[in-house]
Amino acid sequence: MPISKTKIYEVLYEHNALIVHFSGCPKGAGVEREDHMYPNDLKYVLDGNAQGGLSCSTVKPGDCFYGIERNATGCVGVLLGLKTDNSLRAVSPDDCGSFEYSGARESYLANEVTLESVSESITSRGIGGYNEWIVADYEVIGAFAVTPYEVSALFSPPIIPEVPAELLGADPIVGIKQTNVIEICNTFSSWPVFSFEQGLLCKWEAGGTKSVLHSELYAATET
């Protein structure tokens, strides 16, 4: 019998942690799908088109979102909730190498969902690393964005006068660009945008941030 989503939310509350699916920066999973780059990848999730399963991480205030030793695979993502007690399919304190198969996300390295494994996936997360939760049948709470607001993007190939164009190629090159909160809020205007500011969970409103409670996002009550 699966543990209830209420129990999972209680673990999240204990650690002030959120479930977020990030737009990979650099880009990883999802590259096989057409128009997979940001922001199309996140709009695909926001529109509910990835109910077969998503690779997510749990993040909390004070986490690092830049450099090699970061606690997530990106800076901009979708904040998710669990629709049912079966929505959380697997957990791992590390990257568990999940993959998509027949429309579902799976992993041979992830752990079965128990109260102990859920908690351990947060408390035993490697220093300077990120954990992985596989979430299906999800609810969208909103968008999520933290500094340095970096996303993967397509760039035109470089022009080098000394090198013939046919040798440089014509295909766009995947690189990293920096966006900002205003652009993110405009891009996902139908959804609230959440963040971490000064060690607190907050929501962007009218050009500023408003502190919000964890319980406002994850109501840990039995239904």
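Visitor: Honestly, the environment of Leu109 in this entry has me stumped. Any pointers?
Guide: Tracing the sequence through the fold places Leu109 in the loop between β6 (104-106) and α3 (115-123). Here Leu109 falls in the exposed class, since its relative accessible area comes to 62%. In this structure, the C-alpha to C-alpha distance between Leu109 and Cys96, residues 13 residues apart in sequence, is 5.3 Å.

Visitor: When you look at the pairing of strand β8 (residues 138-145) in this model, what are you seeing that I'm missing?
Guide: Two faces belong to every sheet, and in a regular strand the side chains alternate between them. Most of β8 is tucked away, with 6 of its 8 residues classed as buried. Bridge analysis of strand β3 (residues 76-82) against β8 gives 7 bridges, and the strand direction is antiparallel. Paired with Gly77 across the two strands is Phe144, which belongs to β8. Sheet topology places β8 next to strand β11 (residues 193-197); 2 bridges connect them, and they run parallel. Considered in β11, the bridge of Phe144 is made with Phe194.

Visitor: How should I be thinking about the side chain of Asp41 in this particular structure?
Guide: Following the sequence through the fold, Asp41 ends up in helix α2 (residues 40-46). A polar contact of 2.6 Å, which involves the side chain of Asp41, links it to the side chain of Ser23.

Visitor: What is the right way to look at the sheet that holds strand β1 (residues 18-22) in this model?
Guide: The strands that make up a sheet are held in pairs by hydrogen bonds between backbone atoms, and each pair lies either parallel or antiparallel. In space, the 9 strands of this open sheet follow the order β4-β7-β2-β1-β3-β8-β11-β12-β13, with mixed pairing throughout. A strand with exactly one partner marks an edge of an open sheet, and here the two such strands are β4 (88-92) and β13 (208-211). Here the strands of the sheet are splayed against their neighbours by 40° on average, with no regard to which way each runs. Across 4 bridges, β1 lies against β3 in antiparallel orientation. Bridging across to β3, Phe22 finds its partner in Gly77. The strands touched by helix α1 (residues 5-15) are β1, β2 (54-59), β3, β4 and β7 (132-135); relative to β3, the strand with the most contacts, the crossing angle is about 135°.

Visitor: So what exactly am I meant to see when it comes to the packing of aromatic side chains here?
Guide: Aromatic rings in a pair are described by how distant their centres are and how their planes are angled relative to each other. All chains considered together, the criterion is met by 8 aromatic pairs. For the ring pair Phe65 and Phe144, a centre distance of 6.4 Å and an interplane angle of 50° mean the geometry is tilted. With a gap of 79 residues between them, Phe65 in the loop between β2 and β3 and Phe144 in strand β8 connect regions that are remote in the sequence. On the basis of relative accessible area, Phe65 is assigned to the buried category, the value being 5%. Ring centres of Phe144 and Phe196 lie 5.1 Å apart, and the angle between their planes is 70°; this geometry places the pair in the edge-to-face category. Of this pair, Phe144 sits in strand β8 while Phe196 sits in strand β11; the two residues are 52 residues apart in sequence, bridging distant segments of the chain. Owing to a relative accessible area of 12%, Phe196 belongs among the buried residues under this scheme. Among the aromatic residues, ring-to-ring pairing joins Phe22, Phe65, Phe144 and Phe196 into one connected group.

Visitor: What should I look at first to understand the packing of α1 against α3 in this one?
Guide: The axes of two packed helices give the description: the angle between them and the distance between them. Running from N to C, α1 and α3 cross one another at 25°; their axes reach a closest spacing of 10 Å. With respect to α3, the axis of α1 lies roughly parallel. Our pair here, α1 against α3, has a crossing hand that is right-handed. Where α1 abuts α3, its residues Lys7, Ile8, Val11, Leu12 and His15 lie against Leu115, Val118, Ser119, Ile122 and Thr123. In terms of residue class, the contact of α1 with α3 is made up of 6 nonpolar, 3 polar and 1 charged.

Visitor: Before we go on, may I ask you to explain the pattern of salt bridges in this structure?
Guide: Pairs may arise between side chains of opposite charge once their charged atoms sit close together. Following the criterion strictly, the structure yields 5 salt bridges and no others. One salt bridge connects Glu205 with Lys203, and the closest N-O pair in it is separated by 3.4 Å. Overall, Lys203 belongs to the partly exposed group, its relative accessible area being 21%.

The rules behind each value
- Residues numbered from 1 in each chain as written.
- Predicted model: local features only at pLDDT ≥ 70, side-chain atom pairs only at ≥ 80, totals over all residues.
- Heavy atoms only, no water.
- Helix = DSSP H or I, 4+ residues; strand = E, 2+ residues; numbered from the N terminus.
- Buried < 20%, exposed > 50% of the residue type's maximum accessible area, 1.4 Å probe, protein only.
- Pairing = 2+ DSSP bridges.
- Polar contact = N/O pair within 3.5 Å; in protein donor to acceptor, adjacent residues only side chain to side chain.
- Axes fitted to C-alpha atoms, helices over the stretch in contact; angles between N-to-C directions.
- Contact = heavy atoms within 4.5 Å.
- Phe/Tyr/Trp six-rings, centres within 6.5 Å; stacked < 30°, edge-to-face > 60°.
- Parallel < 35°, antiparallel > 145°, perpendicular 65-115°, else oblique.
- Left-handed = near helix turned anticlockwise from the far one by under 90°.
- Nonpolar A, V, L, I, M, F, W, Y, C, P; charged D, E, K, R; others polar.
- Salt bridge = Lys/Arg side-chain N within 4 Å of Asp/Glu carboxyl O.

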